[in-house]
Amino acid sequence: MLVQFTVENFLSLRDKVYLSLEPSRDKNHSENLITKGEYKSVNTVTIYGANASGKSSLFKAFTVALNMIRNSNNVQITDELPVVPFKLDFESHNKPTSFEFTFVAGDEKKYIYGFSATKERIIEEYLYCYNTSKPTLIFDLIENEEPKFNRLYKVKLDAAYQMNTSNKLFLATATTWNVECTKVPFEWLAKSIDTFTEVQELSNVAFDRYQADESKEYIDFTRELLKQADINISSIELDTKEGKRNDVEITTGHTVVAENGEEKVFSLTLQEESMGTQLLFYYGPLLRDAFEKGKTIILDEIDKSMHPSIVKFIINLFRDSQVNKNGAQLIVTTHETGILSLDMFRRDQIYFTEKDAKSGVTDLYSLDEFSVRKTENIEKGYLMGRYGAIPFLRAGEVL
């Protein structure tokens with residue numbers, strides 16, 4: 001369960017910004033809260049903002065940080081790290097990029113893990129665990145300083161530290177060397193939170209899930225998903241060419257009732273379906289995994305090629321305790337304002353990005369920072385610019 005993500009000096013996010021999923025004092029919409037152990041978090045977050053305001057920068061920050069953690073053991077000593085600092089001032093360009101995750105892992109303990117890096121090396125890295133109400137140090141590493149290790153694991157942590165290189169994350173190295181205290185937080189970061197944006201990436205993941213599923217549970221879930229979304233598909237068939245795992249033909253069955261009441265089934269290929277239907281087909285395995293395993297899913301531009309009612313439908317799945325039984329979370333960037341309502345969300349679930357026109361710096365803030373009435377029309381207020389985060393359109397000729 002993700003509690004908070006922090007990033008500083010990455011793309012347009014020059015100054016430190018916080019995306020917090022920890023509930024505020026807002027008492028509304030208890031159905032939008034999930035619990036893991038003694039900790040609570042919101043199950044959905046929507047992020048709004050004008051084009052080029054920094055929504056995708058935040059999404060890419062998640063993606064880069066997670067990929068750095070997961071791929072660290074494959075990094076060669078000569079490899080550059082994929083951080084991209086803010087480039088519109090000289091000072092930031094030479095500073096490290098920082099990421100931090102606060103989360104509740106599989107052992108129901110809260111962890112704080114963060115690191116700072118340049119393209120050449122890791123400058124700082126730390127991991128803390130909440131065994132009580134106060135954080136307990138597991139390790140804290142700062143370049144050119146003596147490493148700090150938890151005394152109970154000091155021998156193993158120090159041995160792993162000797163095997164680490166300057167451009168590898170110690171969390172991954174320690175886990176590879178079987179240091180027990182890093183295994184649980186590393187596994188959460190490696191397996192329990194995912195980002196998706198490109199259709200090709202979504203389709204590749206979906207096809208892998210579908211093809212490896214001999215029991216057809218993923219297909220059954222997706223067929224029911226499409227049915228609940230009021231899409232007229234009665235069957236889904238996958239035909240994998242023998243010896244060609246990636247060569248798959250997918251056909252959908254549509255039941256049509258003739259004027260005489262007779263039912264007939266007609267087949268279409270997936271490519272003949274609408275883009276929205278194709279996206280739901282690709283989302284199916286991701287959503288099932290999220291609900292089965294309590295994962296955190298981050299989707300960039302969820303409304304792309306998707307009808308507003310389907311966007312609302314997907315978000316409501318995460319708000320439904322009968323569907324979302326294991327505390328799955330959904331974080332989305334979107335322009336779809338039809339769901340922007342306090343009838344659906346708490347104030348701490350709605351975030352905005354706004355880029356300063358002079359400095360090019362993105363700010364991230366939540367609706368909870370504004371004094372809004374429970375009856376206020378949030379969609380109207382957003383479109384009127386009451387909360388910022390909308391484009392400033394200048395009148396004049398279009399060249």
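Read on for an overview of the structure. (Residues numbered from 1 in each chain as written. Predicted model: local features only at pLDDT ≥ 70, side-chain atom pairs only at ≥ 80, totals over all residues. Heavy atoms only, no water.)

Direction of pairing for strand S8 (residues 122–130) relative to strand S9 (residues 136–142): antiparallel, over a ladder of six bridges. Of the residues in S9, the one forming a bridge with Tyr126 is Asp140. Bridging between S9 and strand S10 (residues 148–149) involves two bridges; their strand directions are antiparallel. Looking at S10, one finds that Phe139 is bridged to Phe149. Where S9 folds back onto S10 in an antiparallel hairpin, the turn is made up of five residues, including Asn144, whose phi is positive at roughly 70 degrees. (Pairing = 2+ DSSP bridges. Helix = DSSP H or I, 4+ residues; strand = E, 2+ residues; numbered from the N terminus.)

If you trace the seven strands from one edge of the open sheet to the other, you get S2-S1-S6-S7-S8-S9-S10, paired in antiparallel fashion. Whereas interior strands pair on both sides, the edge strands pair on one side only; in this sheet they are strand S2 (17–20) and S10. In terms of strand pairing, strand S7 (residues 110–117) meets S8 through eight bridges, oriented antiparallel. Bridging from a neighbouring strand, Phe115 pairs with Glu125 of S8. Set on the sheet, helix H1 (residues 55–71) makes contact with strand S1 (2–8), S2, strand S6 (97–104), S7 and S8; between it and S6 the angle comes to about 80 degrees. Contacts from helix H5 (residues 180–191) reach S1, S6, S7, S8 and S9, with the element oriented near 100 degrees to S6. (Contact = heavy atoms within 4.5 Å. Axes fitted to C-alpha atoms, helices over the stretch in contact; angles between N-to-C directions.)

The next thing to look at is a negative patch on the surface. A grouping of Glu354, Asp356, Asp363 and Glu369 is seen on the molecular surface, where their side chains present a negatively charged patch. Locating Asp356 in the fold gives a position in the loop between strand S17 (350–355) and strand S18 (362–366). (Patch = residues over 30% accessible without salt bridge, like charges linked within 9 Å, V, L, I, M, F, W, Y side chains within 5 Å. Areas by Shrake-Rupley, 256 points an atom, 1.4 Å probe, with all protein chains shown as cover. Salt bridge = Lys/Arg side-chain N within 4 Å of Asp/Glu carboxyl O. Lys, Arg positive; Asp, Glu negative; His and termini not counted. Charge placed at Lys NZ, Arg CZ, Asp CG, Glu CD.)

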